Amino acid sequence: MFEKVLIANRGEIALRIHRACREMGIHTVAVHSTADADAMHVRLADESVCIGPPPARDSYLNIPAILTAAAITGVDAIHPGIGFMSENANFAEMVEQHGFTFIGPTPEHIRLMGDKVTAKKTVKALGLPTVPGSDGAVTTIEEATKIAEEIGYPVLIKAAAGGGGKGMKVAHTAKDIAESYQLARGEARAAFGNDEVYMEKYLEKPRHIEVQLLGDTHGNAVHFGERDCSIQRRHQKVIEEAPSPGLNANEREQIGALAAKVIQKIGYRGVGTIEFLYEHGKFYFIEMNTRLQIEHTITEMITGIDLVREQIRVAAGQPISYKQKDIVFNGHAIECRINAENPETFAPSPGTIVGYHAPGGLDVRVDSALYDGYRVPPHYDSMIAKLIVHGANRNECLLRLRRALEEFVIGGVDTTLPLHRRLIAQPDFINGNYDIHWLETFLAKL
Ligand code: MV4
């Protein structure tokens, strides 16, 4: 096992990784920008290294600075966390070239899944259901029109390098194709420096359901069930829950087994998530994330398994120590992502935290790097806390979540806490009756 790990991240996820390391007897090295000198992730780590000025491109994305910090502190491995370097295959490669272990998949697997066209081809060949569409990249308007006629309107033109909704355009009729095609390519070129696009039938009202997976270097793979992440705004998840209120035990078992088989067949190492759209009782693969996710917490709450610990264990070459049948699902969990933002306009609200009080009690978990007097810097993502609540069933979970949201006090900055209190009181949410458009439709009505 590793003796010392560098955590190349900040905020709550850096703390989350530090905590897993601590419990495993692994020493931690924090890295931080000058804006984060007082951050909790720096305070808790055994050692820390300043890697640059506030803008992320000069610090948390600064590969030479991170590798230098790893070298001078003598770590065995680097954990990239979430965002930043976590899905950068070149970084993963450089980490290994410098003699450190990358706590994540191989650069080849990151690359394979980072290209949505090769990812789709790969999983389709291995038996996952995909959305009807082009067989690979589409390179002309004529070709796009022909495929649209074959699969039927509406269609979606998507960037091969995409994710997060950039470079994605709907075409409702043949008249829209030329414009949607050009817009999608232009956005993709601007955002990713790669304007390759592909096409799919546009699913109008699906749920977003993702399966949590773990593979090791000994040919084993397991799944930890699904999460429903349909409550989103501008491709940012706001509330996630596990299990999905839209699935039955049979569907859960089938899609989980199918997804686990895929990562087992490609020899995937690490934690990962396969994302599906789910509509009219059918699953359609859309993407695979080759990293830990923010919402891994709700899966931990219903399985009792520390996924970060598992991730570190398999990166160190250890086999998964249990079988699929040993993973048992217990009750229900919901996560609310709390951002330092105006709850109506969503304008970022950096500033100094005053009167911080986190909720507690049975089955209530808060993952946050906040403390009273902390200054939320303006340079980074606005998510400042995750409230995760577990219950014996969905109803108990909802009642406990309402109670925990009532207790939570974060003063000094605007937060999305008031929005969460309203969302969880909506009949549609209480009934689990929502799709990927529910939140934006709800907000538009206000
Ligand atoms: C889709 C889709 C409908 N049909 N693909 C959005 C970002 C990227 N991860 C995939 N996305 C979508 N792909 C087909 N064929 C609708 C979306 C989508 C979406 C997906 C998940 C969660 C929220 C979403 C919001 C808008 C659109």
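Throughout this document, residue positions are counted from 1 along each chain, in the order its sequence is written. The predicted origin of the model limits local features to residues at a pLDDT of at least 70 and limits the giving and counting of side-chain atom pairs to 80 or more, whereas totals for whole chains, interfaces and linings rest on all residues. The side-chain values count all of the structure's non-hydrogen atoms but skip hydrogen atoms and water molecules.

> Is there a simple way to explain the pattern of salt bridges in this structure?
If charged atoms from side chains of opposite charge come close, those side chains can pair. The term salt bridge refers to a pairing of a side-chain nitrogen on Lys or Arg with a carboxyl oxygen on Asp or Glu at a separation within 4 Å. What the rule picks out here adds up to 28 salt bridges. E93 is the partner of R111 in a salt bridge, and the nearest nitrogen-oxygen pair spans 3.3 Å. Of the two residues, R111 is situated in helix α5 (residues 107-114) and E93 in helix α4 (residues 89-97); the sequence distance between them amounts to 18 residues. Under the relative-accessibility criterion, R111 is labelled partly exposed at 38%. Only runs of H or I of at least four residues qualify as helices and only runs of E of at least two qualify as strands under DSSP, and these elements are numbered from the N terminus. Accessibility here uses a 1.4 Å probe with only protein chains present; expressed as a share of the type maximum, an area under 20% marks a residue as buried, one over 50% as exposed, and anything in between as partly exposed.

> I tried to follow the pairing of strand β8 (residues 197-201) on my own but got confused; where do I start?
Consecutive residues of a regular strand have side chains that alternate between opposite faces of the sheet. Within β8, four of the five residues are buried, leaving the element largely enclosed by the surrounding structure. Only strands joined by at least two bridges in the DSSP assignment are considered to pair. Where strand β6 (residues 155-159) lies against β8, five bridges are found, and the strand directions are antiparallel. Opposite K158, over in β8, you have Y198 as the bridge partner.

> It is not clear to me how the sheet that holds strand β10 (residues 221-233) should be interpreted in this structure. Could you clarify?
Strand pairing within a sheet occurs via backbone hydrogen bonds; the two strands may be parallel or antiparallel. Strand order in the open sheet formed by eight strands is β13-β12-β9-β10-β11-β14-β19-β17, with antiparallel pairing between adjacent strands. The open sheet has two edge strands with one neighbour each: β13 (282-289) and β17 (364-368). This sheet shows a mean twist of 25° between the axes of neighbouring strands, independent of strand direction. Helix-sheet contacts for helix α1 (residues 11-23) involve β17 and β19 (383-391), and the interaxial angle to β17 is about 115°. The contact criterion used throughout is that any non-hydrogen atoms of two residues lie within 4.5 Å. Only the stretch in contact is used when a helix axis is fitted, and all axes are lines through C-alpha atoms; the angle between N-to-C directions ranges over 0 to 180 degrees. Lying on the sheet, helix α9 (residues 249-265) is in contact with β9 (207-215), β10, β12 (270-279) and β13; it crosses β10 at an angle near 115°.

> Which parts of the structure should I look at to understand the site of the ligand?
Near the ligand lie 16 residues; those nearest to it are K158, E200, K201, L203 and E287. For the purposes of these results, a polar contact is taken to be a pair of N or O atoms within 3.5 Å, where, inside protein, one atom must be able to donate a hydrogen and its partner to accept one; residues adjacent in sequence count only when each atom of the pair is a side-chain atom. One of the backbone N or O atoms of K201 is found 2.8 Å from a nitrogen atom in the ligand. Contact between the ligand and L203: a nitrogen atom at 2.9 Å from a main-chain N or O atom of the residue. With residues, only the protein chains shown are counted as cover, and all accessible areas are computed by Shrake-Rupley using a 1.4 Å probe. About the coverage of the ligand: the protein hides 92% of its 520 Å² of free accessible area. Charged residues are taken to be Asp, Glu, Lys and Arg, nonpolar residues to be Ala, Val, Leu, Ile, Met, Phe, Trp, Tyr, Cys and Pro, and polar residues to be all remaining types, Gly included. When the residues that make up the shell around the ligand are grouped by side-chain class, the tally is eight nonpolar, four polar and four charged. Here a residue is near a molecule or strand as soon as one of its heavy atoms is found within 4 Å of it.

> Whenever I open this one, the sheet that holds strand β3 (residues 47-52) confuses me. Can you help?
With parallel pairing, five strands are arranged side by side in an open sheet as β3-β2-β1-β4-β5. Every other strand in the sheet has two partners, leaving β3 and β5 (101-102) as the edge strands with one partner each. Summarising the sheet, strand β1 (residues 4-7) and strand β2 (residues 27-33) pair through four bridges and their orientation is parallel. Within β2, the residue paired with K4 across the bridge is H27.

> Would you explain the domain arrangement of the protein chain in this entry?
When the domains of the protein chain are assigned, the result is domain 1 (4-103), domain 2 (132-201) and domain 3 (207-445). Taken residue by residue, the interface counts 33 residues in domain 1 and 28 residues in domain 3. Buried area is understood as the total, over both parts, of accessible area removed when two parts are fitted together, assessed with a 1.4 Å probe. Regarding the contact of domain 1 and domain 3, the summed buried area is about 2,400 Å², with carbon and sulfur atoms giving 59% of it. The partner of E87 in a salt bridge is R291, and the shortest N-O contact between them spans 2.7 Å. Connecting domain 1 to domain 3 are 11 residue pairs in polar contact (both at pLDDT 80 or more). Class assignment for the residues of the side of domain 1 that touches domain 3 results in 17 nonpolar, six polar and 10 charged. Domain boundaries shown here were taken from an automatic or database domain assignment.

> Any chance you could explain the packing of α5 against helix α6 (residues 116-125) here in plain terms?
In helix packing, the relevant descriptors are the interaxial angle and the interaxial distance, both defined with respect to the helix axes. One way to put it is that α5 packs onto α6 with a least axis distance of 5 Å and a crossing angle of 100°. With respect to α6, the element α5 is oriented roughly perpendicular. On α6, the residues touching R111, L112, M113 and G114 of α5 are K116, T118, A119, T122 and V123. Partitioned by chemical class, the residues of the contact of α5 with α6 number four nonpolar, three polar and two charged. Orientation is classified from the angle alone, with under 35 degrees giving roughly parallel, over 145 giving roughly antiparallel, 65 to 115 giving roughly perpendicular, and any other angle giving oblique.

> So what exactly am I meant to see when it comes to the packing of α4 against α5 here?
Direction vectors running N to C along α4 and α5 enclose 175°, while the axes themselves pass 8 Å from each other. One way to sum up the angle between α4 and α5 is to call them roughly antiparallel. Contacts between α4 and α5 pair A89, N90, A92 and E93 from the former with P107, I110 and R111 from the latter. Residues that form the contact of α4 with α5 fall into these classes: four nonpolar, one polar and two charged.

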